[in-house]
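Geometric and topological summary
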Amino acid sequence: MASASTILSTEPLKVHASDISSIKAFAESNGASPIPSTYHSLTESPDQNDAEELAASIPLIDFSLLTSHDPQIHAKAVLQLGKACSEWGFFMLTNHGIPENLMEEVMKKSHEFHDLPVHEKKEFGDKGPFTPIRHGTSFHPQAEKVHYWRDYLKVITSPQFNFPHKPQGYREIAFEYTRKIQALARKLLEGISESLGLESNSIIESSGFDSAGLQVFAVNLYPPCPQPQLALGMPPHSDHGFLTFLMQNGIGGLQVKHDGKWVNVSPLPKCLVVNIGDQLEAVSNGRYASVLHRAILNNRDTRISVVVANGPAPDKEIGPALELLEKEKPLFKSIKYQDYYHIQQKSRLADKSGLDHIRFSAQQ
């Protein structure tokens, strides 16, 4: 007859994420044991709503065509960019010009950071959304009802460049990478402005992007999960800012919501995944919606994603472009980006409820 202790050992633990400094370390010590019930965040099978036919139609944007000096080629690329933004809010960017060896080095150093002993990362503990460098786990342990199977490093890299001093060489590599991403974001914002019928520099100038645009560099690590059918790495959410760029270590897990279905994203080699953020939805007055996305897990491999979010200057009021309001009513209120960022980050709102704070009601 099984003892009470044996029976109890098969019960999933109830562990609060605020008591765990690293899910990576916890997963390594927990082995194949059932995951804590507090991490049971997935209410549907990851395969249930996957749409393979939609995955094949994820838009591709060739950056070299967008920057072509041939007016016809450029105009066609702008139309394709606008279509991708309006239909998906999301696309894969090819021929972006960032050297492959730089991308590989950023990924390598990011992995090295997460491989540092837990005690070496304690100095970067998350003390709030405006801390320049912060390391933590889950999504927002203090506010969430269930937890998420990820560790993260988040760094504000613009307008002031901050970065951890270890591992050696990480800071220098990250500086080069984030500056190149910033240049890509600027060019894409020019094309997006044109696709909306605005002057190419409209969004850039009105948002203070060049002088003080906020950029956040983040590295998410999702260790193997013994029960991936029960947990998520990240809940469904949209990003703040204008444009988010993502690369990963070759392990899948990103899903985007399209036509009511969760679509698996398998990036092409060397490409960057780009998604629309909440402030671009506001500026475009709803034409280009920020996309809901989430991270699912597997029980075999560690997934790492390197994400760089690019947005307006924190003190700039962001709302629908004035030129668009000459012919239509505003769907969103104007709000300082730092105030929106605070709303979204302080509560780590899931789904797109951050935008609901600034959306005009149908009666207004």
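What counts, and where the lines are drawn
- Residues numbered from 1 in each chain as written.
- Predicted model: local features only at pLDDT ≥ 70, side-chain atom pairs only at ≥ 80, totals over all residues.
- Heavy atoms only, no water.
- Pairing = 2+ DSSP bridges.
- Helix = DSSP H or I, 4+ residues; strand = E, 2+ residues; numbered from the N terminus.
- Axes fitted to C-alpha atoms, helices over the stretch in contact; angles between N-to-C directions.
- Salt bridge = Lys/Arg side-chain N within 4 Å of Asp/Glu carboxyl O.
- Buried < 20%, exposed > 50% of the residue type's maximum accessible area, 1.4 Å probe, protein only.
- pLDDT = per-residue confidence, 0-100.
- Contact = heavy atoms within 4.5 Å.

**A few points about the sheet that holds strand S11 (residues 293–295)**
- Strand order across the open sheet formed by four strands is S6-S11-S8-S9, with antiparallel pairing between neighbours. Only two strands of the sheet have a single partner each, and these edge strands are strand S6 (234–237) and strand S9 (261–264). Looking at each pair of strands side by side, their axes are set apart by 25° on average, direction ignored.
- Taken together, the two bridges between S6 and S11 define a ladder with antiparallel strand orientation. Bridge pairing links Met 234 to Ala 295 in S11.

**Details of the pattern of salt bridges**
- Under the defined criterion, the tally for this structure stands at twelve salt bridges.
- Close ionic contact of Asp 115 with Lys 24 constitutes a salt bridge, the shortest N to O distance being 3.4 Å. With Asp 115 in helix H6 (residues 100–115) and Lys 24 in helix H2 (residues 23–30), this pair connects stretches of sequence that are 91 residues apart.
- Classification of Asp 115 by relative accessible area gives partly exposed; the value is 44%.

**Considering the pairing of strand S12 (residues 303–310)**
- Within S12, eight of the eight residues are buried, which leaves it mostly tucked inside the rest of the structure.
- Here S12 shows no split at all, with Arg 303, Ser 305, Val 307 and Ala 309 on one side and Ile 304, Val 306, Val 308 and Asn 310 on the other all buried.
- Looking at chain direction, strand S7 (residues 243–248) and S12 are connected through six bridges and run antiparallel. Each residue of the ladder has a partner; that of Leu 246, found in S12, is Val 307.

**Section: the confidence of the model for the protein**
- Per-residue pLDDT for the protein averages 90, and the proportion of residues at 70 or more is 89%.
- When the criterion is pLDDT under 50, residues 1–10 qualifies, and its contacts beyond four places in sequence or with other chains add up to two contacts.

**Side note on unusual backbone geometry**
- Between Ser 158 and the following residue, Pro 159, the backbone shows a cis peptide bond with an omega angle of 10°.
- For Pro 159, the location among the structural elements is in the loop between strand S4 (151–158) and helix H8 (170–195).
- In this model, Lys 166 is joined to Pro 167 through a cis peptide bond whose omega is -5°.
- Looking at the element boundaries, Pro 167 is found in the loop between S4 and H8.
- The backbone of Lys 270 sits at a positive phi, close to 75°, despite the residue not being glycine.
- Of note, Lys 270 is situated in the loop between S9 and strand S10 (272–276).
- The exposure class assigned to Lys 270 is exposed, which follows from its relative accessible area of 55%.

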